[in-house]
Amino acid sequence: MTVFLLVYRLHGRYHEMAPNVVPMDYTKDPDVKLPMQLIINMPELKENPFKERIVESFSEDGEGSLSFNDFVDMFSVLSEMAPRELKAIYAFKIYDFNTDNFICKADLEKTLNKLTREELTAEEITLVCEKVIEEADMDGDGKLGFADFENMISKAPDFLSFSFMFHI
Amino acid sequence: ENCPRQNRSSNSFDEESLSEEELAMLMEQVEQRKKLISTMRNKPWRMVKKLSVLREAQAFVEKFEGALGKGKGKKLYAYKMMMAKKWVKFKRDFDNFKTQCIPWEMKIKEVESHFGSSVASYFIFLRWMYGVNLVLFGLIFGLVIIPEILMGMPYGSMPRKTVPRAEQATAMDFSVLWDFEGYIKYSALFYGYYNNQRTIGWLKYRLPMAYFMVGISVFGYSLMVVIRSMARNANQSTADGDDDNFIFSWKMFTSWDYLIGNPETADNKFASITTGFKESIVDEQESNKDENIHLRRFLRVLANVLIICCLCGSGYLIYFVVKRSQTFSKMQNVGWYERNEVEIVMSLLGMFCPPLFETIAALENYHPRIGLKWQLGRIFALFLGNLYTFLLALMDDVNEKLAEEDVVKNITRWMLLGHHNSSMGNSSADTPPPLDPADVPRGPCWETTVGIEFVRLTVSDILVTYVTILVGDFIRACFVRFVNYCWCWDLEAGFPSYAEFDISGNVLGLVFNQGMIWMGSFYAPGLVGINVLRLLTSMYFQCWAVMSSNVPHERVFKASKSNNFYMGLLLLILFLSLLPVAYTIMSLPPSFDCGPFSGKKRMYEVIQETIELDFPLFIAKIFSYMANPGLIIPAILLMVNSLRKIPIKLKINQHPSTCLKLLTHVNLNKNDQLL
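Reading the values: the criteria
Residues numbered from 1 in each chain as written. Chains lettered and ligands numbered in written order. Predicted model: local features only at pLDDT ≥ 70, side-chain atom pairs only at ≥ 80, totals over all residues. Heavy atoms only, no water. Helix = DSSP H or I, 4+ residues; strand = E, 2+ residues; numbered from the N terminus. Areas by Shrake-Rupley, 256 points an atom, 1.4 Å probe, with all protein chains shown as cover. Lys, Arg positive; Asp, Glu negative; His and termini not counted. Charge placed at Lys NZ, Arg CZ, Asp CG, Glu CD. Axes fitted to C-alpha atoms, helices over the stretch in contact; angles between N-to-C directions. Parallel < 35°, antiparallel > 145°, perpendicular 65-115°, else oblique. Nonpolar A, V, L, I, M, F, W, Y, C, P; charged D, E, K, R; others polar. 1 Å grid on protein atoms, 1.4 Å probe; cavity = no way out; pocket = protein on both sides within 12 Å on 5 of 7 lines; lining within 4 Å. Points joined across faces, edges and corners; volume = space filled by probe spheres on them. Contact = heavy atoms within 4.5 Å. Buried area = accessible area lost by both parts, 1.4 Å probe. Salt bridge = Lys/Arg side-chain N within 4 Å of Asp/Glu carboxyl O. UniProt positions renumbered as here; feature names shortened; annotations may be inferred. Disulfide = S-S within 2.5 Å. Buried < 20%, exposed > 50% of the residue type's maximum accessible area, 1.4 Å probe, protein only. Left-handed = near helix turned anticlockwise from the far one by under 90°. Expected span 1.5 Å × (residues − 1). Phe/Tyr/Trp six-rings, centres within 6.5 Å; stacked < 30°, edge-to-face > 60°.

A.B. asks: Mind laying out the overall build of chain A, listing which residues take part and the relevant values?
C.D. replies: Counting its secondary structure elements, chain A contains nine helices and two strands. In sequence order, the secondary structure elements of chain A are arranged as α-β-α-α-α-β-α-α-α-α-α. Projected onto its principal axes, the C-alpha coordinates of chain A cover approximately 50 × 30 × 25 Å. As displayed, chain A offers around 7400 Å² of accessible surface, 53% of which is attributable to carbon and sulfur atoms. Separation between the mean location of the 17 positive side-chain charges and that of the 32 negative ones in chain A comes to 4 Å.

This is how it looks when you write it as structure tokens:
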């Protein structure tokens, strides 16, 4: 659909989350931010195990509250039209739980626990994390930098088909 | 982004006073801004920053672009820019309009959010097939069927267009119509109806030529569309090279399906991800274990032998049944079963052999993904074998009919002579009254018979599919849901439970159905119309069945990394369906009294005839030189060569990160050696 219609629809969704706070008229550039609790209840995000991290990565203050600009940003990166490189950048941010620009072992453990709802035993978790680092770490520092992550994810066949994409 | 000239230009803007180099610098800056605007999407900046930079860049470009032409050229340049912008906008609006016209988008999205993207990919494939068939139907309907109906001779005016006297009593019966005999056989749906008149109507429409060209372009268009779709898919997916290097990484970072919006589906997905991880861990631990290679090899060979026996058995069964149906057709008083035996046997084989293959494959002990590939390959071999056996048996029938033709020709000659003499005896007129078309003895018209066989096969395939869905999915779901209250064990958790949507079975069914359509459409132009209806109803029916009676998959295994596996199958089937049609066009003589090519020695002679009669003389000479095998064979080789280059070109376009990995590994190795 046209970019205009998309933004119009997004504004409708943004407004209906908090009709008392979000103005219908955005020409004066109001400074309105919605808290994370409201946004992660959206149907597209509700079932996603990474919903908090997604919202945090797109918020300016890192706490998870999104202004309308950030909201549009989030949906545009997660749409079908966003280029692969851009998605890889944001995917890296999302999986980097402690925001130190590296995906270290602790980040991997958190990711795995969220994916399996903590149903794996501790040894299994350790094994998987070690395997991931063994597979993807190119520069040998024991954690994944952005170059390692990008190199690995660019070959993944599912990265653009359903992983990391919403339909709005 | 600082532009020192900006102030000066905005204050004293006078085109005459701008020197050459200032103009060049300005142009460079405008190009820079334009590049920034076009790559804005890729930059990971915050939206606020993007918006402000974009606004600034756009304002700059707008202000100074028009000024860049020199003197008189300025107006032309500005005009060209304006037209270019308008064209871009028009293209964008048209693209948006086209996107909004895509049918069934919401339906498919609903299926996607409940069942994940693999099930939805089947429906997207179905929709794509519907589009292709719609175009083919438009071609055939508009260029062949409509002209014959509107401008050709009407029903009843010629022997080929009239139901024979002997059959007229039963021609309207439902059972006869269901077998595609009676009035349907002598209608524009089948090859035999068409007249061989070179031009028809006031438009001088060359119908036989059109029939031939449409037949060829059906295959040409399908080929083009399939290859284009494969190229598009290949661009989106990555090379199938490094399969094993990132198993755990990909599982961790790309296994969650972001399109899931339903809690039940999410639960299933969590469970399947957990299972997937556990399986990979087990695989990893087991790959270090030793196993009995000899036993495994023996079992695999045994399984393959068993399956080859099954395939041969099914091939023989079909051959036997087709031969029997030919003897049945000569008998009177055949029951419903005898009439439909061939279709029933083929459908039953298609239903029961795949589960049989799966059971035998349990001996082989492959990884599930490899096992799935073997299974699909075997089902493919089964369908192919069945179809080609069917065709071979049909060819025997055709040859028999061709032999019969000579007999009929003789009978016709004697009969006309007899009619001549008797009517001459009664009146003294010179010419005898013409024989009623219904009484003229008919040749066997093998093309219509072939067309009818394909139509019947397609119809029975449709019925079997729908009945299977109804019984296997819907009635089963009703049974499990309602009888569960008064049953000893939990029907929902144990046997039979709700059905899962069989993606590969359905996709293969679609692919083979399309193969049959391609094969049969030359002899039954109406077949594509039937297929369009079938795909349309399938879309609604299967969407309803999936949403009401199926549950999401517990384990998801895709047969290939991209949709190209199924597209590749479709391409293969396209070539394989082209072969029988090309063979019959090139080597079999058309029937002498039915169809648009009647009276010719070979069907392709219509081209020579058109070139000789309708084109100026020198073109005929050129074509006669071009038809030399010495020219045609190199041309074909050139085409094959260029087709071969397409996948290589596509692979080159892939991400060059393979080089990065190679370099990094080399460096790591070097470091190891240094240490």
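Additional details are given in the paragraphs that follow.
A.B. asks: So, the packing of helix H11 (residues 293–330) of chain B against helix H12 (residues 336–361) of chain B: which residues are in play, and what are the values?
C.D. replies: Residue and element names in this part refer to chain B. Contact geometry for H11 and H12: axes closest at 9 Å, N-to-C directions at 175 degrees. Comparing their axes, H12 and H11 come out roughly antiparallel. Partitioned by chemical class, the residues of the contact of H11 with H12 number 17 nonpolar, two polar and three charged.

A.B. asks: Which residues make up the layout of surface pockets, and what values go with them?
C.D. replies: All names here are of chain B. The computed volume of the second largest pocket comes to approximately 1600 Å³. Lining of the second largest pocket is provided by 46 residues; of these, Glu167, Glu181, Lys185, Ser329 and Lys401 occupy positions nearest its centre. Looking at the lining of the second largest pocket, the elements that each hand over two or more residues are helix H7 (174–178), H11, H12, helix H13 (368–426) and helix H14 (446–483). A breakdown of the residues in the lining of the second largest pocket according to their chemical character gives 17 nonpolar, 12 polar and 17 charged.

A.B. asks: An account of empty space enclosed by the protein is requested, with residue identities and associated values reported.
C.D. replies: Residue and element names in this part refer to chain B. Applying the stated criterion to the full structure yields two cavities of 30 Å³ or more. Roughly 80 Å³ of volume is contained in the largest cavity. Looking at the largest cavity, the residues that line it are Ile140, Val144, Tyr211, Val214, Gly215, Val218, Ser521, Phe522 and Pro525. Looking at the lining of the largest cavity, the elements with two or more residues in it are helix H6 (117–151) and helix H8 (207–236). For the lining of the largest cavity, the element with the most residues is H8, which contributes four residues. Among the residues making up the lining of the largest cavity, the classes are represented as seven nonpolar, two polar and no charged. Of the voids in this model, the second largest cavity is the one considered here, and its volume is about 40 Å³. Leu384, Leu387, Tyr388, Phe512, Gly515, Met516, Met519, Ile573, Leu576 and Ser577 together form the lining of the second largest cavity.

A.B. asks: Outline the interface of chain A and chain B, listing residues and values.
C.D. replies: Facing the 64 residues of chain A at the interface are 55 residues of chain B. For the chain A and chain B pair, buried surface summed over both sides reaches about 5500 Å², with 62% attributable to carbon and sulfur atoms. If you look at where chain A meets chain B, you find one salt bridge. In this structure, B:Asp267 engages A:Arg117 in a salt bridge whose closest nitrogen and oxygen atoms are separated by 3.0 Å. Contributing elements (two or more residues each) for the side of chain A that touches chain B: helix H3 (43–46), helix H4 (51–58), helix H5 (68–77), helix H6 (84–95), helix H7 (105–116), helix H8 (122–136) and helix H9 (146–153) of chain A. Top contributing element to the side of chain A that touches chain B by residue count: H8(A), with seven residues.

A.B. asks: Give a detailed account of the UniProt feature "domain: EF-hand" (unreviewed entry) in chain A, specifying residues and quantitative values.
C.D. replies: Residues and elements named next belong to chain A. In this numbering, the UniProt entry assigns the feature "domain: EF-hand" (unreviewed entry) to residues 46–81, 83–118 and 124–159. With 53% helix and 6% strand, residues 46–81 has end C-alpha atoms that lie 22 Å from one another. Annotated as 67% helix and 0% strand, the span residues 83–118 places its first and last C-alpha atoms 33 Å apart.

A.B. asks: Would you mind going over the state of the cysteines in detail, with residue names and values included?
C.D. replies: All names here are of chain B. The final tally for this structure, using the stated rule, is one disulfide over all chains. Put simply, Cys445 and Cys594 are joined by a disulfide, and their sulfur atoms are 1.8 Å apart. The chirality of the disulfide connecting Cys445 with Cys594 is right-handed, given an S-S dihedral of about 100 degrees. Residue Cys445 is found in the loop between H13 and H14, and its partner Cys594 is found in the loop between helix H17 (564–587) and helix H18 (605–614); the two are separated by 149 residues along the sequence. The exposure classification of Cys445 matches that of Cys594, with both residues buried.

A.B. asks: How would you sum up the UniProt feature "transmembrane region" (unreviewed entry) in chain B? Please name residues and give values.
C.D. replies: All names here are of chain B. Per the UniProt record, "transmembrane region" (unreviewed entry) is annotated on residues 128–150, 209–227, 301–322, 342–363, 375–395, 522–544, 565–586 and 622–643. In this annotation, residues 209–227 is assigned 100% helix and 0% strand; the end-to-end C-alpha distance for the span is 27 Å. With 91% helix and 0% strand, residues 622–643 has its two end C-alpha atoms placed 27 Å apart.

A.B. asks: With reference to specific residues and values, describe the packing of H14(B) against helix H15 (residues 503–520) of chain B.
C.D. replies: Relative orientation and spacing of two packed helices are given, respectively, by the angle between their axes and the distance between those axes. Residues and elements named next belong to chain B. As a packed pair, H14 and H15 sit with axes 10 Å apart at the nearest point and diverge in direction by 160 degrees. Relative to H15, the element H14 lies roughly antiparallel. Crossing of H14 against H15: the hand is left-handed. In contact with Phe454, Leu457, Thr458 and Asp461 of H14, H15 contributes Asn513, Met516, Ile517, Met519 and Gly520. Residue composition of the contact of H14 with H15, by class: five nonpolar, three polar and one charged.

A.B. asks: Tell me about H11(B), and please be specific about residues and values.
C.D. replies: Over its 38 residues, H11(B) extends 57 Å from the first C-alpha to the last, a length consistent with the 56 Å expected when each residue adds 1.5 Å. Of all the positions in H11(B), only B:Arg300, B:Ala303, B:Ile307, B:Ser314, B:Gly315, B:Ile318, B:Val321, B:Val322, B:Ser325, B:Gln326 and B:Phe328 are classed as buried.

A.B. asks: Could you give an account of the packing of aromatic side chains, naming the residues involved and the relevant values?
C.D. replies: Under the counting rule described, the total for this entry stands at 44 aromatic pairs over all chains. Ring centres of A:Phe149 and B:Phe253 lie 5.2 Å apart, and the angle between their planes is 85 degrees; this geometry places the pair in the edge-to-face category. On the criterion of chain membership, the pair formed by A:Phe149 in helix H9 and B:Phe253 in helix H9 (residues 247–254) is interchain, its members lying in two chains. Centroid distance B:Phe541 to B:Trp544: 5.9 Å. Interplanar angle 25 degrees. Geometry classified as stacked. With B:Phe541 and B:Trp544 both in helix H16 (residues 527–549), this residue pair falls three residues apart, about one helical turn.

A.B. asks: If you had to explain the pattern of salt bridges to someone new, which residues and values would you point to?
C.D. replies: Counted under the stated rule, the structure contains 21 salt bridges over all chains. In this structure, the salt-bridge partner of A:Arg53 is A:Glu56, at a minimum N-O distance of 2.8 Å. Pair noted here: A:Arg53 and A:Glu56 are both in helix H4, with a separation of three residues, about one helical turn. For A:Arg53, a relative accessible area of 8% gives the class buried. Taking the shortest distance from any N to any O, the salt bridge between B:Arg378 and B:Glu364 comes out at 2.8 Å. Note that B:Arg378 is positioned in helix H13 and B:Glu364 in the loop between H12 and H13, a separation of 14 residues in sequence. Note on accessibility: B:Arg378 and B:Glu364 belong to one class, buried.

A.B. asks: Quick rundown of the environment of A:Ile89? Include the residues and the values.
C.D. replies: Along the chain, A:Ile89 turns up in helix H6. Separated by 84 residues in sequence, A:Ile89 and A:Leu5 place their C-alpha atoms 26 Å apart. Setting aside residues up to four positions removed in sequence, A:Ile89 forms contacts with A:Phe146 and B:Pro44.

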